[in-house]
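Residue strings, one per chain:
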Amino acid sequence: MVDLPFAPPPPCPEAETLRQEVRTFLAEALADRTPAQRAESWQGHDPEFSRKVGAKGWIAMTWPKQYGGHERSALERYVVLEEMLAAGAPVSHHWIADRQSGPLILRVGTDEQKETILPRIARGEAMFCIGMSEPDSGSDLAATRTRATRVQGGYVVNGTKVWTSGAHQADYMILFCRTGEGQRHEGTSQLLVDLRNTSGLSIRPIRALTGEHHFNEVVFTDTFLPETALLGKEGDGWNQVTNELALERSGPERFLSSFLVLTEMMRVLGPEPGERAAIAIGRLAAHIHALRRMSRSVAGMLQAGENPALQAALVKELGNSLEQEIPEIARLLVDCEPSLESDDRFLATLSLITLHAPSFSLRGGTREILRGMIARGLGLR
Amino acid sequence: MTESLIEATAERLFGDHISTRLLAAAEQGTFAAEAWQAVEDAGLPRGLVPEEAGGFGMPAAEALAILRVAGRHVVPLPLAETMAAGWLLAGAGLDIPDGPLTIAPVVRGETLSLTRRGQEWHLAGTATRIPWGRDAVAVAVLAEHQGTPMVARLDRDGFTTTPGSNLAHEPRDTLRIDAALASAAVAPAASGVDAQTLRALGATMRSLQMAGAMASLLSMSTQYALDRTQFGKPIGKFQAIQHNLAILGSHQAAAGAAATGAAEAVGEGMRLFPIAVAKIRTGEAAGLCASLAHQVHGAIGFTYEHSLHYRTRRLLSWRNEFGSESEWSLLLGRHLAAAGPDRLWPEITSA
């Protein structure tokens, strides 16, 4: 019997008090942001906001107190995440560090790395970016070519990383690169790059099709990194990076990217929409509700210490399709011509998300890669 | 996933009794009496009946979980319908007879007329598309009397049936009712139970059956892709087939999660939101999963000889029973629109 189990999410009544606290906080903190600004969601950047979130104790929620964490459950962390995303909070300053870089350091980092960096992440003061993709290594991460060569006292790095979101704003990058011999996933490692204190780095914008600057090209030219930059074990990079990717795939960010299009569409359609519109609203809400249940089930697996890589791929596969469908449905239910300059809040939001939508099934693992992972889970490869 | 004792019992029973031959015979109109007896002896049809009324008094979600198992094994018996009838009768404090039961009415807008005649009651009218009507020893009827939802136990001698069927040749009969009922056979429905509640229970049951059937489609299709060789290798090695199975797997997983949520909602005072979600989500997945399973199986899966169609024809029927995706989406969408855009997220998170 082939099975892709999603156990019922464990109950977490204490999270509901927390939820109300987060809502109250966000209502005030986001009061001045337009729907289109909110729709930027986890790409929105506001260090001041992240510091406030850190002060509330809502970053590093599950980590040990020793490192600035709060020792709360994965389900409580989930509540904070989903409230932030549904409201369109600008979380990018702490988002990546909280989701994957911090947990990676916590798992494989040295005491010094943990003690110096994790508390800063928890305070919302250390922004991370992910150094994985390269010009010739996209979905095929094992084709990575950037190389760190051992020298006296550390490494010399040469190579180019691309699509690096937020590298121009970040404090650190976790660099995936080659440090040894061997083919494909052999001989790879992860290095912690202090972007503020490293010379020989060039960070250039890669503009997205909207003209926005989120992505960067990061070029390493004989860049020296000290020995203490090694994160985890030399040669264990592939194992570490695949674990990290599981954390990147199951969360509410994989089905809420277009949520504000739905709410702004409902505002336009009013309290008594026509039958066709009401059916569309009901159907989309049902899809979100079901995905949320699956995603919380994954949070339950994380809480129980299980590996949810397969379930995470399923959530992302379904969630991305839904995120892409929402603007397509909205544009047909409301008579409109999209325009980024529009001062109509629905149109501005719809326009932005229509243009962002192609990235939903690319970032964090393409649709095709995820389907391959699911097929592997079914025993087909 | 941890399996309860009752699920394990159901799994074993259905594994022992349900075969392709039995399914073929059921389609020809032979009631699977032996299988029914085994299921009844194990007490499965009384899952939603409280202990004092002769049931197990187990949580609704646990009792309903056997319908998912039944869906996986395509059990050709009125198990869901007998459970629903038992729930309705027990809730009204009426006796539950042994044997297969069903409920009426099931089509939206249909009502039966229940009137007082001295010490007795009189029930009359026509109820269409009644599942397993011809095989039921009694029908649990929900009808209003002076604005109050009442439950009536209608025995076999109180109605005639005209056979009909769904796409899987499961009985969906027209009942013509003209019956005098003793006063002990009619009582007010349990508090909060009305036509919408009964429809929600039916929708939950079909959602669970569909989730089970889709899980078996995934297993069958994956196995077929590993076994069937073309161009010198198993077709499951081709990326196009792998991706079709991944899509099938994703949607059946979403259907399963949503259906389980509905089963929980039944035990929590029949909360309509998760139930609507389940019928919408499983109904949408049903058509998609059926078509992908057929695509993977190729021509052999389109034959009567192959057992795939016992699942797919049920899915293509069940998605329209107790309300299609449109009916439940409309209900949910109107509710959410009236609540307003700023209530959408709180509604979703508290449902």
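See above for the structure.
Bear in mind the structure is a predicted one, so any value in this text is a computation, not a measurement.

Student: What exactly am I supposed to notice about the interface of chain A and chain B here?
Tutor: Note: interface size is frequently given as the accessible area lost on complex formation between the parts. Listed per partner, the contact involves 43 residues of chain A and 41 residues of chain B. Within the residue set of the side of chain A that touches chain B, elements represented by two or more residues are α8 (259-269), α9 (275-303), α10 (309-333) and α12 (367-377) of chain A. Top contributing element to the side of chain A that touches chain B by residue count: α9 of chain A, with 17 residues. By residue class, the composition of the side of chain A that touches chain B is 27 nonpolar, seven polar and nine charged.

Student: Would you explain the sheet that holds strand β2 (residues 113-117) of chain B in this entry?
Tutor: Residues and elements named next belong to chain B. Here we have four strands laid out as an open sheet, ordered β2-β3-β7-β6, and antiparallel in their pairing. The open sheet has two free edges, formed respectively by β2 and β6 (159-162), since each of these has just one partner strand. Ignoring which end each strand starts from, the neighbouring axes of this sheet average 10 degrees apart. Where β2 meets strand β3 (residues 120-131), five bridges bridge the pair, whose relative direction is antiparallel. Paired with S113 across the two strands is A124, which belongs to β3.

Student: How should the sheet that holds strand β8 (residues 186-188) of chain B be read in this particular structure?
Tutor: Through backbone hydrogen bonds, the strands of a sheet pair up, either in parallel or in antiparallel fashion. All names here are of chain B. Within the open sheet, the four strands sit side by side as β1-β4-β5-β8. Their pairing is mixed. Bordering the open sheet on either side are β1 (101-104) and β8, each of which pairs with just one other strand. Strand after strand, the sheet turns through a mean of 25 degrees between neighbouring axes, direction not considered. Sheet topology note: the strand β5 (residues 148-155)/β8 ladder contains three bridges and is antiparallel. Opposite A152, over in β8, you have V186 as the bridge partner. Across the sheet, helix α5 (residues 79-91) touches β1, β4 (138-145) and β5, and the angle it forms with β1 is around 70 degrees.

Procedures and definitions
Residues numbered from 1 in each chain as written. Chains lettered and ligands numbered in written order. Predicted model: local features only at pLDDT ≥ 70, side-chain atom pairs only at ≥ 80, totals over all residues. Contact = placed C-beta atoms within 7 Å. Helix = DSSP H or I, 4+ residues; strand = E, 2+ residues; numbered from the N terminus. Nonpolar A, V, L, I, M, F, W, Y, C, P; charged D, E, K, R; others polar. Pairing = 2+ DSSP bridges. Axes fitted to C-alpha atoms, helices over the stretch in contact; angles between N-to-C directions.

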